[in-house]
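# Structural description and commentary
So the chains spell out like this:
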Amino acid sequence: MEGLSCLIRKACDHGMFDGVFDGVTFPNGGPNISHLLYADDAMVMGEWSEFNFRALKRILRIFHLCSSLRINLNKSCLFGIGKSMEEVTLYASGLGCKPGTTPFKYLGILVGANMNRISNWDPVVEVFGKRLSRWKASVLSMVGRVILIKSRWNKYPATVVEVEELIECHHMVSSVRLNGNEDMWVWNQRSDGEYSVKEARKWLKGNEPREDSYVYSWCKWIPNKCNIFMWKASLDRLPTQSALRRQNVQVGDGLCVFCGETEESVDHLFSGCRVACGVWIALAKWCKIP
């Protein structure tokens, strides 16, 4: 829809399509509005003229050729403000859409009606009422639920649904004792009610550590890549031949590439292989470790 918006905007600004597309200009130096877009809904507004209808047809045609997207004219309507129904029907047949009458609904709101009348807001109030009826005030505190009950049941319930909702809300708040203090969050895993990331992690993993659990201690004075390498080695996540064979990756006979005596694993490479043991002994002598 961004492409359609750019086409209409350029038609209004730069004189494309044999001239500009005349949008609706508000008085007293107000803006010029040619279209409104919301998701896949589009409303194009302009002056009622043969020139504008020809320009709009060209815009829709170019939009289809450039994007392979086509406006569904069978679901589209043409509305004429202050125009006769015969004239609206004539131009609607030229565009290939249906003629419409005002007021009409757009995104749930009446367009073209006198919104100063309270009755014209009834559809909007009805939509909010249906959504609130399914919303069981799950995000409200107990005080908010009490206020909601007082504001909604300011009269006796008239239907079975209202009676059931009243009974349900009564059960929820009957055991609550309210006081004058402000609402606050309390972490129930500590006696003082204070929340911390450490306590949340302890609660998620359990207070008692597993017997086979091992926590690798990262060294701060060596490069991070060395820490990551040793961390992966402690978890047996290095691509040794034994680890690859467990993942059904065939890499030869699976024996150590240095000594060729036993299976190549993390423990063997770093502590069991005689070549690795010779490296460790040489490092110990160089560091003068007895």
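Cut-offs used in this document
Residues numbered from 1 in each chain as written. Predicted model: local features only at pLDDT ≥ 70, side-chain atom pairs only at ≥ 80, totals over all residues. Heavy atoms only, no water. Patch = residues over 30% accessible without salt bridge, like charges linked within 9 Å, V, L, I, M, F, W, Y side chains within 5 Å. Areas by Shrake-Rupley, 256 points an atom, 1.4 Å probe, with all protein chains shown as cover. Salt bridge = Lys/Arg side-chain N within 4 Å of Asp/Glu carboxyl O. Helix = DSSP H or I, 4+ residues; strand = E, 2+ residues; numbered from the N terminus. Buried < 20%, exposed > 50% of the residue type's maximum accessible area, 1.4 Å probe, protein only. Core = buried A, V, L, I, M, F, W, Y, C linked by side-chain atoms within 4.5 Å. Contact = heavy atoms within 4.5 Å. Expected span 1.5 Å × (residues − 1). Arc of directions from axis to C-beta. Axes fitted to C-alpha atoms, helices over the stretch in contact; angles between N-to-C directions. Parallel < 35°, antiparallel > 145°, perpendicular 65-115°, else oblique. Left-handed = near helix turned anticlockwise from the far one by under 90°. Nonpolar A, V, L, I, M, F, W, Y, C, P; charged D, E, K, R; others polar.

The next point concerns a nonpolar patch on the surface. Nonpolar side chains collect at one region of the surface, where Val257, Phe258, Val275, Val279, Trp280, Leu283 and Trp286 lie side by side and expose about 770 Å² of accessible area between them. When you line up the elements, Val275 lands in helix 11 (residues 274–286). We classify Val275 as partly exposed; its relative accessible area is 33%.

Phe21, Ile59, Leu78 and Leu95 are the most contacted members of the largest nonpolar core, which has 17 residues in total. Elements supplying a minimum of two residues to this core: helix 1 (2–13), helix 2 (50–67) and helix 3 (85–95). Those residues in contact with Leu78 that lie beyond four places of it in its chain are Trp48, Phe53, Val88, Tyr91, Ala92, Leu95, Cys97, Lys98, Pro99 and Gly100.

The terminal C-alpha atoms of helix 6 (residues 160–173) lie 20 Å apart, and with 14 residues this matches the ideal 20 Å at 1.5 Å per residue to within 8%. When helix 6 is considered as a whole, its buried residues turn out to be Glu165, Cys169 and Val173. The buried residues of helix 6 occupy an angular sector of 60° when the element is viewed end-on, so they sit on one face. More than 90 degrees from the buried face of helix 6, the exposed residues found are Val160, Glu164, His170 and His171.

Among the secondary structure elements, Asn227 is positioned in helix 8 (residues 224–234). Asn227 gets classed as buried once you look at its relative accessible area, which sits at 1%. The contacts of Asn227, once residues within four sequence positions are left out, are Tyr216, Trp218, Cys219 and Ile222.

Between helix 2 and helix 3, whose axes approach to 10 Å, the crossing angle comes to 25°. Our classification of the angle between helix 2 and helix 3 gives roughly parallel. Read as a crossing pair, helix 2 and helix 3 show a hand that is right-handed. On helix 3, the residues touching Glu50, Phe53, Leu56 and Lys57 of helix 2 are Tyr91, Gly94 and Leu95. Looking at the contact of helix 2 with helix 3, its residues break down into four nonpolar, one polar and two charged.

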